[in-house]
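The primary structure of each chain is shown beneath.
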Amino acid sequence: MPKIAIDTTIVENKSITDDVKELIVYAPKIAQQAVPGQFVHIKIATGEPLLRRPLSISNVNVEAGTLSLIYRIVGKGTAYLANLRTNDEVNCLGPLGNGFDLTCERPLLVGGGMGTAPLIFLAQRLNPRTTTVLMGGRNKAEMFWQPMYEGLAKEIHITTDDGSMGTKGFTVSALPELVKANQFDRIFVCGPHVMMEAVAKFAKEHEIPCQVSLEKYMACGIGACLSCTCVNKLGDKRKKVCTDGPVFWAEEVL
Amino acid sequence: MLSSETMLEIDIAGIKMKNPIMTGSGTFGFGEEYSDFVDLNKIGAVVVKGTTLLPRCGNDGVRIAETPSGMLNCIGLENPGVEHFLSDILPRLKKYDVPIIVNVSGNTVEEYGQLAKILDVYGIAAVELNVSCPNVKEGGIVFGTNRDSAAAVVREVKRNTSKPVIIKLSPNVTDIADMAVAVEEAGADAISMINTLIGMVIDVDTWKPVLGNITGGLSGPAVKPVAVRMVWQVAQVVKIPIIGMGGIMTAEDAIEFFLAGASAVAIGTANFVNPSAVEDVAKGIQEYLVKKKLTHVSQLIGQLKVNK
């Protein structure tokens, strides 16, 4: 599947919370070919910032030819993205990276913070399989994801660090009960590195195959610059997050 | 009038190129990474990722940081090693009709010679000596910032290869013209310039350096005026061709380098931003030549008008 870089426009850039937005980009070919776990690399048409910004695909609308990219405003690049308006020009490079392996029957999706975004697309493609979603965040204000999973999950469990929504604690503390009650044959996890490590460790102890989605600073997004490589636990050669990942089997990289 | 096919054709130290647009080592992988975006057969030459005798896994920690109009990198020469390059990568690259130039980096003068000897094979057009990688502690920059050791590397490599030898100069020196003269006297066939400028970025929240290696090499549009100035200075004092590079994003940027005295140019950081930059710049130069009623790109080389 060839990667493409297209000049296109913003359909919408809407606020979800104070610092989280959803960018809808018109990119029909990419929307058609993309699979869950892949990302696009966005360049604002003119001037700063110099480099592209990698954004995971939260969802696609194949009929409308659009991609949904949910992002938090964390730095200079995302601040620029946040200022984009309908019809503003961007260059969209994608679909990039390898997606999740969908060969499973009873998946558990674990999302932490913004890592919950790409799992929406995953849940959609796993439909109509019986899917359980576990999502965690710092507080209630961060847990706006539930409506986006409407009709895509059998059950949704929520944890917050401060207990303002769902169960107080981290996602990993909710795992034992969920695993006792269900026969999961796969765990997909995307979120902060420490959280993915904890979930992967739990998955290994319970012999459930686990896939993780890594995030690293990158320049090219296509395997050339080697900015984003990570240690490969199963061999000598380092793995490129952009082209070998961003989705990996947990034992490869954690 | 020359056809559009031939107006960009150029010969650099015996390397015949369809156009004077090359790729900057480390910014274009081994070429294949860009095959969805660029017809590799239409590039002047592909300069591959810096290669060492043994595989290297590069530096730990954060490897890039964006800066105003540029970026810092401290990859640390991650590469699969020269043997893997020859056995696994070069055979695939041979199917393209494009000169392959291998950028090499050694820890000792002898290692540069060994690398050159191993790479003196069919399918390789030239070697480019990386004597100025700012991100590897044990070597590189030491050779690139001292005229005698840079010259020693060139002489050793020349003794060990039949291929043209290009040396990539570091801008992190007091007198780049002096370095250029030294490597020309030592027998270098061409000069690439400039490598990155050493820089650093500090996170004021944590009081820590942003890069894992503390410092990194600055590239991108931010360095272009420095690069153009250095190419111009060196062009006054050497006869061997100069391959100009440093922040070229557009055809106009490349043309500045030609006017300053470069015979060819390389596209680096721009490849990260626009994966078809190499082809776009070549096309833009051709359009510029037509617009200026020129018939060949060589009519630009060194034509800077100073006090005329």
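Residues numbered from 1 in each chain as written. Chains lettered and ligands numbered in written order. Predicted model: local features only at pLDDT ≥ 70, side-chain atom pairs only at ≥ 80, totals over all residues. Heavy atoms only, no water.

Visitor: For this particular structure, what's the right way to read the overall build of chain B?
Guide: Helix and strand counts for chain B stand at nine helices and 16 strands. What you see for chain B is a C-alpha radius of gyration of 18 Å, in line with the 19 Å of a compact globule of 308 residues. In terms of overall dimensions, chain B has C-alpha extents of about 55 × 45 × 40 Å along its principal axes. Split into buried and exposed, the 308 residues of chain B put 60% on the buried side. On chain B, the mean spot of the 27 positive side-chain charges and the mean spot of the 33 negative ones are 5 Å from each other. (Helix = DSSP H or I, 4+ residues; strand = E, 2+ residues; numbered from the N terminus. Rg over C-alpha atoms; globule rule 2.2 N^0.38 Å. Buried < 20%, exposed > 50% of the residue type's maximum accessible area, 1.4 Å probe, protein only. Lys, Arg positive; Asp, Glu negative; His and termini not counted. Charge placed at Lys NZ, Arg CZ, Asp CG, Glu CD.)

Visitor: Help me understand the interface of chain B and chain A, please; the structure alone is not making it clear to me.
Guide: It is common to give the size of an interface as the accessible area that goes away when the parts come together. With 30 residues of chain B at the interface, the matching set in chain A holds 27 residues. Of all residues in chain B, Glu66, Phe272 and Val273 of chain B bury the most surface against chain A, accounting for 27% of the area lost on that side. Applying the counting rule to chain B against chain A returns three salt bridges. Taking the shortest distance from any N to any O, the salt bridge between Glu33 of chain B and Lys240 of chain A comes out at 4.0 Å. The interface formed by chain B and chain A contains nine residue pairs in polar contact (both at pLDDT 80 or more). Those elements that provide at least two residues to the side of chain B that touches chain A are β5 (64-67), β6 (70-73) and α8 (270-273) of chain B. In terms of residue count, β5 of chain B provides more of the side of chain B that touches chain A than any other element does, three residues in total. (Contact = heavy atoms within 4.5 Å. Buried area = accessible area lost by both parts, 1.4 Å probe. Salt bridge = Lys/Arg side-chain N within 4 Å of Asp/Glu carboxyl O. Polar contact = N/O pair within 3.5 Å; in protein donor to acceptor, adjacent residues only side chain to side chain.)

Visitor: Is there a simple way to think about the environment of Pro128 of chain A in this case?
Guide: All names here are of chain A. Secondary-structure assignment places Pro128 in the loop between α3 (118-126) and β9 (132-137). Pro128 gets classed as exposed once you look at its relative accessible area, which sits at 76%. Remark: the alpha-carbon pair of Pro128 and Val62, spanning 66 residues in sequence, is separated by 18 Å.

Visitor: What should I look at first to understand the packing of aromatic side chains in this one?
Guide: Both the distance between ring centres and the angle between the ring planes are used here to describe each pair of aromatic rings. Residue and element names in this part refer to chain B. For the structure shown, the criterion picks out five aromatic pairs over all chains. The interplanar angle of 10 degrees and the centroid separation of 4.3 Å between the aromatic rings of Phe28 and Tyr34 together place this pair among those described as stacked. According to the relative accessible area criterion, Tyr34 is buried, its value standing at 0%. (Phe/Tyr/Trp six-rings, centres within 6.5 Å; stacked < 30°, edge-to-face > 60°.)

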